[in-house]
Amino acid sequence: MKTAKELKNELFYTKKSVYELTDEANVKAAFDYAVDYKKYLDNAKTEREAVNTSIEIAKQAGFKPYVLGQSVKTGDKLYYNNRGKSLFLFTIGSENIEEGIRISAAHIDSPRLDFKPCPVYEDSRMCFFKTHYYGGIKKYQWTAIPLAIHGVVTLVDGTNVNITIGEDENDPIFYINDILPHLGQNQAKKSLGEAIEGEQLNLFAGSRPYSTEDEGEQIKLNVLALLNEKYGINETDFISAELCAVPADKAKDIGLDRAAVGSYGHDDRVCAYPALTSVIDNADSKHTLMCVLADKEEIGSEGASGMQCDIFSDLIDEISKSLGGDPAIVRANSKCLSADVSAAYDPNFKDAFEKRNTPELSCGVVLIKYTGSRGKSSTNDASSEYIAWLRSVMQKDNVVWQTGELGRIDLGGGGTVAKYIANLNIDTVDLGVPVISMHAPYELISKVDLYETYKAFSAFCKY
Ligand code: MN
Ligand code: MN
């Protein structure tokens with residue numbers, strides 16, 4: 001008869017951390033992998049910057065630009081830049097295209113404060129830029145922290161003026177005022193969601209007048225004069241601009257052991273980076289691979305750069321036809337990892353989670369069968385067959401993985417790009433990194449979870 005301990009080992013699903021399940025070399029590889037990831041974070045704070053940074057990395061690995069209609073052949077390593085805001089990288093494998101494409105899809109937009117079309121105004125000897133928040137933020141978290149401006153202004157002649165202010169050591173930064181606690185009694189009585197209103201998220205942009213002439217709005221004038229001097233833009237040009245405020249901090253190690261990384265925008269660069277690097281590193285796979293870096297996930301994957309845009313299926317059609325395959329068969333046999341973050345269990349907010357079904361920090365990549373809210377509303381619910389297949393693939397490379405849901409059932413929920421891909425008749429499941437303080441200006445992830453995610457995507461490309 002087996003001892004209870006033996007039988008437990010055989011029958012129980014016991015969650016263990018990456019540190020317990022792998023060796024020193026694996027942990028070192030994880031810490032090394034995080035070095036370049038932190039550089040990626042600092043260079044890719046907006047979707048446009050993520051596209052440019054990803055293209056630079058891909059080009060160094062021999063990837064070439066692709067244009068719609070171009071014929072492709074085995075061994076090709078290509079990328080399609082969609083309007084500078086979303087990116088598709090693909091490698092053409094040796095097997096028949098009708099065996100399907102291995103697709104890793106992450107998003108490269110993050111919650112932030114977009115500029116309104118008419119943002120500049122002066123009030124009480126201060127000049128501000130009015131913002132309109134993008135994605136799900138806790139508004140109170142964005143006051144009284146260092147902010148940078150990133151984005152582009154497109155002039156009438158078509159020139160794109162790139163603007164980044166607040167990232168260089170010598171740059172000024174921007175700021176959103178908050179009320180002092182001494183006078184904050186009324187604010188303190190409000191709910192957190194109401195304590196700061198959308199119309200209070202105004203960026204402090206200047207306080208010195210252009211001149212002492214009796215003209216009015218001299219501080220606004222000075223701010224516009226400085227912008228005009230450096231970038232050649234005027235107030236009307238803000239209407240054809242995509243500027244936003246993002247946290248000015250850089251990615252940094254968190255904790256004395258340096259095992260975690262703090263940064264703005266882990267959601268979802270922490271999945272975009274492993275999706276990108278795994279496709280680059282496995283470009284010689286017999287499978288045809290595709291990495292999708294989508295925009296607009298945080299606001300519903302809408303529009304020409306979002307996952308719902310037809311360009312995704314158009315590209316599958318084009319590749320299939322060029323290789324003599326039937327696109328419907330290619331889609332039916334394709335497989336996708338929807339690469340997105342999940343909420344890590346946080347002992348400081350125990351009430352928000354059901355511990356048995358919540359991913360934990362340092363326990364590896366998270367496989368999420370379904371997202372959605374309440375009664376699984378609006379989710380892609382991956383099939384047991386597909387998940388079992390994925391388990392077998394991850395097993396081959398000893399990937400440490402775990403599973404879970406996004407918090408307690410009735411508390412809320414969330415979605416990813418998974419359903420838009422699955423709707424095209426492609427088996428899809430969510431896989432990604434657990435995050436602490438998701439959607440905060442500064443989020444936290446574990447280096448070993450990041451690396452197991454890279455290993456999972458690599459195994460998916462390989463086997
Ligand atoms: Mn996400
Ligand atoms: Mn998100």
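Above this text is the structure in question.
Residues numbered from 1 in each chain as written. Chains lettered and ligands numbered in written order. Predicted model: local features only at pLDDT ≥ 70, side-chain atom pairs only at ≥ 80, totals over all residues. Heavy atoms only, no water.

Colleague: Could you clarify how one ought to interpret the packing of aromatic side chains in this entry?
Modeller: A ring pair, where both rings are aromatic, is described by two values, the distance of the centres and the angle of the planes. Under the counting rule described, the total for this entry stands at 19 aromatic pairs. Linked through ring pairs, Y33, Y37, Y40, Y273, Y451 and Y454 together constitute an aromatic cluster. The lysine or arginine in question, R112, covers the ring of Y134, its NZ or CZ lying 3.9 Å from the ring centre. A cation sits over an aromatic face here: K335 above W389, 4.8 Å from the ring centre. (Phe/Tyr/Trp six-rings, centres within 6.5 Å; stacked < 30°, edge-to-face > 60°. Lys NZ or Arg CZ within 6 Å of the ring centre and 35° of its normal.)

Colleague: Teacher, can you tell me more about the pattern of salt bridges here?
Modeller: Between side chains of opposite charge, pairing is possible as soon as their charged atoms come close. Taken as a whole and assessed by the stated rule, the structure comprises 26 salt bridges. Note that K38 is salt-bridged to D253, the shortest N-O span being 2.7 Å. With a gap of 215 residues between them, K38 in helix α3 (residues 24–43) and D253 in strand β12 (residues 252–254) connect regions that are remote in the sequence. Within this structure, E47, R48, K85, R112, D114, E242, D295 and K296 form a network of salt bridges that share partners. (Salt bridge = Lys/Arg side-chain N within 4 Å of Asp/Glu carboxyl O. Helix = DSSP H or I, 4+ residues; strand = E, 2+ residues; numbered from the N terminus.)

Colleague: Help me out: how do you make sense of the coordination of the manganese ion (ligand 1) in this one?
Modeller: A four-donor tetrahedral metal ideally has 109.5 degree angles, and a six-donor octahedral metal ideally has angles of 90 or 180 degrees. Ligation of the manganese ion (ligand 1) by protein atoms is provided by H107 (NE2), D267 (OD), D340 (OD) and D340 (OD), these donors lying 2.2 to 2.6 Å from the ion. Sequence positions of the residues that donate to the manganese ion (ligand 1) give the spacing H-x159-D-x72-D. The metal-metal distance between the manganese ion (ligand 1) and the manganese ion (ligand 2) comes to 3.3 Å, with D267 coordinating both. One end of the pair, H107, is in strand β4 (residues 101–107); the other, D267, is in helix α8 (residues 266–281), and 160 residues separate them in sequence. Exposure remark for H107: the relative accessible area of 1% places this residue in the buried category. With relative accessibility at 3%, the residue D267 sits in the buried group. (Donors = N, O, S within 2.8 Å, 3.2 Å for Na, K, Ca; no water. Buried < 20%, exposed > 50% of the residue type's maximum accessible area, 1.4 Å probe, protein only.)

Colleague: Explanation requested: the side chain of K130 in the structure shown.
Modeller: Residue placement: K130 occurs in strand β6 (residues 126–134). Side chain to side chain, K130 and N202 meet in a polar contact 2.9 Å long. (Polar contact = N/O pair within 3.5 Å; in protein donor to acceptor, adjacent residues only side chain to side chain.)

Colleague: Would you take a moment to explain the coordination of the manganese ion (ligand 2) for this structure?
Modeller: For the manganese ion (ligand 2), the protein coordination sphere consists of D267 (OD), E298 (OE), E298 (OE) and H439 (NE2), at 2.1 to 2.5 Å. In the primary sequence, the donor residues of the manganese ion (ligand 2) line up as D-x30-E-x140-H. With relative accessibility at 17%, the residue H439 sits in the buried group.

Colleague: Is there a simple way to think about the nonpolar core in this case?
Modeller: In globular proteins that are soluble, nonpolar side chains generally tend to be buried together. Within the largest apolar cluster, 57 residues are counted, with the highest numbers of intra-cluster contacts made by L89 and L293. Residues within four places of L89 in sequence aside, it is in contact with A58, F63, L78, Y79, L276, L289, M290, C291 and L293. Membership of the second largest hydrophobic core comes to 33 residues, among which are W142, V153, L243 and V246. (Core = buried A, V, L, I, M, F, W, Y, C linked by side-chain atoms within 4.5 Å. Contact = heavy atoms within 4.5 Å.)

Colleague: Could you clarify how one ought to interpret a nonpolar patch on the surface in this entry?
Modeller: A grouping of L7, L11 and F12 is seen on the molecular surface, where their side chains present a nonpolar patch of about 320 Å² in accessible area. Following the sequence through the fold, L7 ends up in helix α1 (residues 4–11). (Patch = residues over 30% accessible without salt bridge, like charges linked within 9 Å, V, L, I, M, F, W, Y side chains within 5 Å. Areas by Shrake-Rupley, 256 points an atom, 1.4 Å probe, with all protein chains shown as cover.)

Colleague: Looking at this structure, how should I read the pairing of strand β11 (residues 241–247)?
Modeller: Residues in a regular strand point their side chains to alternate faces of the sheet. Most of β11 is tucked away: five of the seven residues are buried. In this sheet, β11 lies alongside strand β5 (residues 112–123) in antiparallel orientation, the contact comprising two bridges. Opposite D114, over in β11, you have C244 as the bridge partner. (Pairing = 2+ DSSP bridges.)

Colleague: When you look at the state of the cysteines in this model, what are you seeing that I'm missing?
Modeller: As used here, a disulfide is simply a covalent bond connecting the sulfur atoms of two cysteines. Counted under the stated rule, the structure contains zero disulfides. For C336, which is in no disulfide, the shortest distance to another cysteine sulfur is to C291 and amounts to 10 Å. Left unpaired, C363 is separated from the closest cysteine sulfur, that of C271, by 17 Å. Assessed through its relative accessible area of 7%, C363 is described here as buried. (Disulfide = S-S within 2.5 Å.)

Colleague: What am I meant to see in the packing of α3 against helix α13 (residues 447–462) here?
Modeller: A pair of packed helices can be characterised by two numbers: the angle between their axes and the separation between those axes. Closest axis-to-axis distance for the α3/α13 pair is 8 Å, and the angle between their directions is 90 degrees. Viewed along their axes, α3 and α13 adopt a mutual orientation that is roughly perpendicular. Taken together, the residues of α13 that come into contact with α3 (itself represented by N26, V27, A29, A30, F31, Y33, A34, Y37 and K38) are K447, V448, L450, Y451, E452, Y454 and K455. Residues of the contact of α3 with α13, tallied by class, amount to eleven nonpolar, one polar and four charged. (Axes fitted to C-alpha atoms, helices over the stretch in contact; angles between N-to-C directions. Parallel < 35°, antiparallel > 145°, perpendicular 65-115°, else oblique. Nonpolar A, V, L, I, M, F, W, Y, C, P; charged D, E, K, R; others polar.)

Colleague: Mind showing me how you'd approach unusual backbone geometry here?
Modeller: In this chain, D267 is followed by D268 through a cis amide linkage whose omega measures 15 degrees. Among the structural elements, D268 can be located in helix α8. One non-glycine residue, S437, lies in the positive phi region at around 60 degrees. Among the structural elements, S437 can be located in the loop between β22 (434–435) and β23 (443–446).

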